[in-house]
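# Chains, contacts and geometry: an overview
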Amino acid sequence: MRVVLFTGKGGVGKTTLAAATAAHVAGTGRSALVVSTDPAHSLGDALDAELGAEPTEVTENLWGAHIEARHLLEGAWGDLQGHLRTMLAGAGVDELVADELTVLPGVEDLLALVEVQRYAESGRFDVVVVDCGPTAETLRLLTLPEALSGYLERLFPAHRRAVRGLVAGLAGAKADGAGWDRTVDALGVLAEQLRGLRGLLADRSRTSIRLVLTPERVVAAETRRTLTALALHELRVDGLLANRVMPGPPPSLRGPAARWLRERATEQQSVLAELGELGADVPVTAVRYTAAEPTGVGALRELALSVYGDDDPAGAADGAPPRPLMELRRTAGHGVSADTEFELDVALPGAQDAPLDLARVGDDMVVGIGFSRRVVSLPSVLRRCEATGARLEGRGSDARLVISFVPDPGTWMTS
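The following paragraphs examine the structure supplied in this document. (Residues numbered from 1 in each chain as written. Predicted model: local features only at pLDDT ≥ 70, side-chain atom pairs only at ≥ 80, totals over all residues. Heavy atoms only, no water.)

### Overview of a negative patch on the surface
Judged by side-chain charge, Asp45, Asp48, Glu50 and Glu293 come together as a negatively charged surface patch. One can find Asp45 in helix α2 (residues 43-47). Accessibility expressed as a relative area gives 58% for Asp45, which makes it exposed. (Patch = residues over 30% accessible without salt bridge, like charges linked within 9 Å, V, L, I, M, F, W, Y side chains within 5 Å. Areas by Shrake-Rupley, 256 points an atom, 1.4 Å probe, with all protein chains shown as cover. Salt bridge = Lys/Arg side-chain N within 4 Å of Asp/Glu carboxyl O. Lys, Arg positive; Asp, Glu negative; His and termini not counted. Charge placed at Lys NZ, Arg CZ, Asp CG, Glu CD. Helix = DSSP H or I, 4+ residues; strand = E, 2+ residues; numbered from the N terminus. Buried < 20%, exposed > 50% of the residue type's maximum accessible area, 1.4 Å probe, protein only.)

This is the structure in structure tokens:
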């Protein structure tokens with residue numbers, strides 16, 4: 001089973017290419033579902049079909065659906081929200097305040113991902129293609145499970161007795177034990193869902209992301225930043241689809257229109273060449289500019305054939321082991337002593353073009369790239385060390401952040 005997510009800046013054609021990919025997969029005899037998590041649903045328009053919240057058969061082997069996360073709130077989140085309100089009210093929190101405190105930002109996005117996971121693990125489909133929202137929204141969507149899982153673990157540790165002791169202590173001796181058990185159980189279900197979602201997204205053999213762009217410098221710059229942010233979160237991008245590439249006019253054609261076409265094509269090729277420098281592990285595919293907008297299964301399959309040719313449109317994993325996000329190496333000394341030095345190498349393709357922030361928080365390093373942040377747990381040997389410097393090395397897909405560490409004298413001398 002494969003999950004392929006399409007995202008890109010608004011208006012670049014990601015919905016059309018997601019639908020075309022699913023249609024092409026269905027044409028090869030495999031069952032394919034294309035589903036939209038974008039609140040501005042246009043997937044049905046691309047397929048020329050009426051779609052609802054549950055998968056609708058569009059043609060043989062091809063299904064489509066619109067995920068309406070708002071409709072999932074009452075059922076999926078309502079029970080847990082009610083349990084949390086009860087817990088807070090038992091602790092003496094005002095009812096209106098408790099209601100506000102149980103509104104979880106981003107829960108609609110989380111529920112949309114839960115639905116994608118449900119479809120992917122249902123066994124009904126060989127390939128699930130996801131038409132995501134614009135880039136920034138999608139990045140928040142894809143990083144939400146890990147972020148919420150971390151917060152949940154800090155607020156409510158996994159050990160059931162610790163959680164029950166906490167809520168019982170908040171509520172007092174007269175707490176309803178069964179009520180607290182239901183709260184703990186609901187939190188456990190949420191934590192399990194978050195772990196499952198993160199596992200699905202991070203599984204590079206099953207899940208990959210395709211970034212759709214138009215060959216324009218502003219759009220390409222955002223794509224490079226997105227590629228870096230996704231790499232920071234260890235999410236696999238298996239290709240860039242450069243949509244609406246203009247053909248150059250024949251040399252015999254003259255006049256203002258020909259000059260404009262020639263200049264436009266030259267500029268696009270220059271942008272494509274820059275994107276190609278990101279590395280062969282993220283191939284760039286040019287998608288021709290069609291004279292007519294491709295709508296309907298037939299037109300979408302024709303478009304997909306021009307994009308994929310004889311290749312598998314689902315982009316099965318090539319089996320090559322991915323480069324790890326972090327690599328630790330010793331650069332001087334032995335053991336952990338005053339003369340020991342370490343370097344932590346963090347792979348961040350394209351990072352040379354993005355603002356970089358670093359902060360040490362306990363045993364974690366907070367790495368910020370542009371609009372994305374990730375809390376990275378440090379290897380155990382570095383938790384007794386202090387960071388002394390950082391630098392960016394390499395370019396394109398080889399760009400990496402190198403952080404230098406030396407043992408904290410107050411730590412290693414007493415340990």
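### So, helix α1 (residues 14-27)
Counted at 1.5 Å a residue, the expected span for α1 with its 14 residues is 20 Å, and the 20 Å between its end C-alpha atoms agrees. Across the 14 residues that make up α1, a large majority, 13, are buried. (Expected span 1.5 Å × (residues − 1).)

### A closer look at unusual backbone geometry
The phi angle at Asp48 is positive, at roughly 55°, despite the residue not being glycine. Within the secondary structure, Asp48 sits in the loop between α2 and β3 (56-59). The phi dihedral of Arg244 falls on the positive side, at around 60°, and the residue is not glycine. If you trace the backbone, Arg244 turns up in strand β7 (residues 237-245).

### Description of the environment of Glu115
Here Glu115 lies in helix α5 (residues 107-120). Judged by its relative accessible area of 12%, Glu115 falls in the buried class. Through-space distance from the C-alpha of Glu115 to that of Glu68 is 9.7 Å; in sequence the pair is 47 residues apart.

### Remarks on the side chain of Thr15
Relative to the helices and strands, Thr15 is located in helix α1. Here Thr15 falls in the buried class, since its relative accessible area comes to 10%. Apart from residues no more than four positions distant in its own chain, Thr15 is found in contact with Ser42, Leu43, Ala46 and Asp131. (Contact = heavy atoms within 4.5 Å.)

### Looking at the environment of Asp131
In this structure, Asp131 sits in strand β5 (residues 127-134). In this structure, the C-alpha to C-alpha distance between Asp131 and Lys14, residues 117 residues apart in sequence, is 7.0 Å. Leave out the neighbours within four places in its chain, and Asp131 touches Phe6, Lys14, Thr15, Ala18, Val35, Ser36, Thr37, Asp38 and Leu43. At a separation of 3.2 Å, a polar atom in the side chain of Asp131 contacts the side chain of Lys14. (Polar contact = N/O pair within 3.5 Å; in protein donor to acceptor, adjacent residues only side chain to side chain.)

### Thoughts on the pairing of strand β15 (residues 400-407)
Of all eight residues in β15, six are buried, a share of seventy percent or more. Two strands pair when backbone bridges link them, and strand β10 (residues 341-347) and β15 are joined in this way by six bridges, in the antiparallel orientation. Of the residues in β15, the one forming a bridge with Phe342 is Phe405. Inspection of the sheet shows strand β14 (residues 385-393) paired to β15 by eight bridges, in the antiparallel sense. Each bridged residue has a counterpart across the sheet, and for Ala387 the counterpart in β15 is Phe405. (Pairing = 2+ DSSP bridges.)

### Description of the side chain of Glu222
Position of Glu222 among the secondary structure elements: in helix α9 (residues 217-232). We classify Glu222 as buried; its relative accessible area is 17%. Beyond its immediate chain neighbours, meaning those up to four positions away, Glu222 contacts Lys9 and Thr135.

Honestly, it's all geometry; don't read function into it.
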